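# Structural overview for review
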Amino acid sequence: MTDIQAFPMPRTCPLNPPEQLGRLRAEQPITRVRLWDGTTPWLVTRYDDVRAVLADPRFSADPTRPGYPARSPAGKRRTGGVSFLQMDDPEHARYRRMLIGEFTMRRMERLRPLVVETIDGLLSAMAAGPRPVDLVEAFALPAPSMVICRLLGVPYADHAFFQQHSRTMLDTRADPDDAAGARRALARYLHELVVAKQADPSDDLIGRLIEHHGRTGELTTRQMVAMAILLLVAGHETTANMIALGTLTLLQHPEQARRLRDGEPAYVRGTVEELLRLLTITHTGRRRTAVEDVDLRGTVIRAGEGVIAAADAANRDPEVFADPDCLSPERPANHHVAFGFGVHQCLGQQLARLELQVAYPALLRRFPRMKLATDIAQLRFRDEMPVYGVDTLPITW
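As a starting point, this report considers the structure included with it. (Residues numbered from 1 in each chain as written. Predicted model: local features only at pLDDT ≥ 70, side-chain atom pairs only at ≥ 80, totals over all residues. Heavy atoms only, no water.)

### Brief notes about the pattern of salt bridges
- For the coordinates displayed, the defined rule picks out 26 salt bridges.
- We note a salt bridge from Arg-297 to Asp-49, for which the minimum N-O separation is 2.6 Å. Linking Arg-297 in the loop between strand E7 (294–296) and strand E8 (299–301) with Asp-49 in helix H2 (residues 47–55), this pair joins segments that are 248 residues apart in sequence.
- Classification of Arg-297 by relative accessible area gives partly exposed; the value is 49%.
- Its relative accessible area of 6% is what places Asp-49 among the buried residues.
- The partner of Glu-274 in a salt bridge is Arg-331, with the nearest N and O atoms 3.0 Å apart. With Glu-274 in helix H14 (residues 265–279) and Arg-331 in the loop between helix H15 (311–314) and helix H16 (349–366), the pair connects residues that are 57 residues apart, well separated along the chain.
- One connected set of salt bridges, linked through shared partners, spans Arg-167, Asp-171, Arg-173, Glu-237, Arg-380, Arg-382, Glu-384 and Asp-391. (Salt bridge = Lys/Arg side-chain N within 4 Å of Asp/Glu carboxyl O. Helix = DSSP H or I, 4+ residues; strand = E, 2+ residues; numbered from the N terminus. Buried < 20%, exposed > 50% of the residue type's maximum accessible area, 1.4 Å probe, protein only.)

Quick look at the structure:
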């Protein structure tokens, strides 16, 4: 088994998946790969196969099962427990039902004025400040952080604290003790917040969880804290990275950026979907373990074997997407899997779409002459994180 390739694989272009993923998709679409700990789970790279894995209850999302392909030593230790997104039905469905009403398209549309106000305020501050400016620090990170804080009822004044600890939790290079300590620190912070809201009810997502599910005994305080950690971390890390990487991509595509700046709604929606497909920032795959033997297109995956569904490879599958490496905002039927697929599909996808649909055109309208203030080769990308991004993005105009 010495010819088994290491995973994740290095990129040659920071805005494209590793070239080797494309070769595997064409030649060995279901194959073994070697992880950091020497284990050899299956890697699935074709679109139809990725969707099949993610929709099949015989593949478990529970990282406590033997054979689960952990991303790092910290993930393998799992001292902080798991979120409900890493549970299987019916337990997963029970938690998800408590939140699904908070993230409907209709409820997200009611947040639009808040999102517009937040983004306009940040852009005005950028315009009044010095140049060049780091787009990540000035805009991409604070915009979704402010929104998710308002939605949850978390004080944005504490954003530096939770951003620091969420980065440590997600960093695959982090010492397991440091990662566990970061989660404990976030848990203590949010526990105090939940207890305060139990005593003084608030009209926000955490307050509604307390009212509708905490007071009934459906959720313990600890369970509400775990849900709040998940929503807080996911709610700013993912969209922040998409804003920065999407902007960098648009700077390489001036014609699409010009049309996006004009703000025609269908073109804006199409551009956001294309950027989600092309960038697929959950770039280390969605992890599963087979709970029984499964025949996946002629390959038998045995019970207890790990599987990695490579959404970034699936989203560039030429059998599904014509000219898959091209940014085509008018692409019909863009059924990408950037938000996953099946019962674990991203709960907050409508919020992410709203934020991106507002952020990109507003940024391009405010700064129509925006350009990189450094060479792209000087940028540092977040290869070590399960959510791909760029550390800093210096821009000027």
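Structure's up, so let's keep going.
### Describing the layout of surface pockets
- The space that makes up the second largest pocket amounts to roughly 370 Å³.
- Contributing to the lining of the second largest pocket are 19 residues, with Glu-109, Arg-112, Arg-269, Leu-354 and Gln-357 lying nearest its centre.
- Going through the elements one at a time, helix H5 (105–110), helix H6 (112–128), H14 and H16 are the ones with two or more residues in the lining of the second largest pocket.
- Of all the elements, H16 adds the most residues to the lining of the second largest pocket, at eight residues.
- Of the residues contributing to the lining of the second largest pocket, the split by class is nine nonpolar, three polar and seven charged. (1 Å grid on protein atoms, 1.4 Å probe; cavity = no way out; pocket = protein on both sides within 12 Å on 5 of 7 lines; lining within 4 Å. Points joined across faces, edges and corners; volume = space filled by probe spheres on them. Nonpolar A, V, L, I, M, F, W, Y, C, P; charged D, E, K, R; others polar.)

### With respect to the nonpolar core
- Within the largest apolar cluster, 87 residues are counted, with the highest numbers of intra-cluster contacts made by Ile-119, Met-126, Phe-139, Val-154, Leu-190 and Leu-393.
- At 15 residues, the largest contribution of residues to this core is made by helix H12 (residues 221–251).
- Those residues in contact with Leu-190 that lie beyond four places of it in its chain are Val-154, Val-225, Ala-228, Ile-229 and Leu-232.
- Formed by 18 residues, the second largest nonpolar core is a distinct cluster that contains Ile-30, Trp-42, Val-294 and Ile-301. (Core = buried A, V, L, I, M, F, W, Y, C linked by side-chain atoms within 4.5 Å. Contact = heavy atoms within 4.5 Å.)

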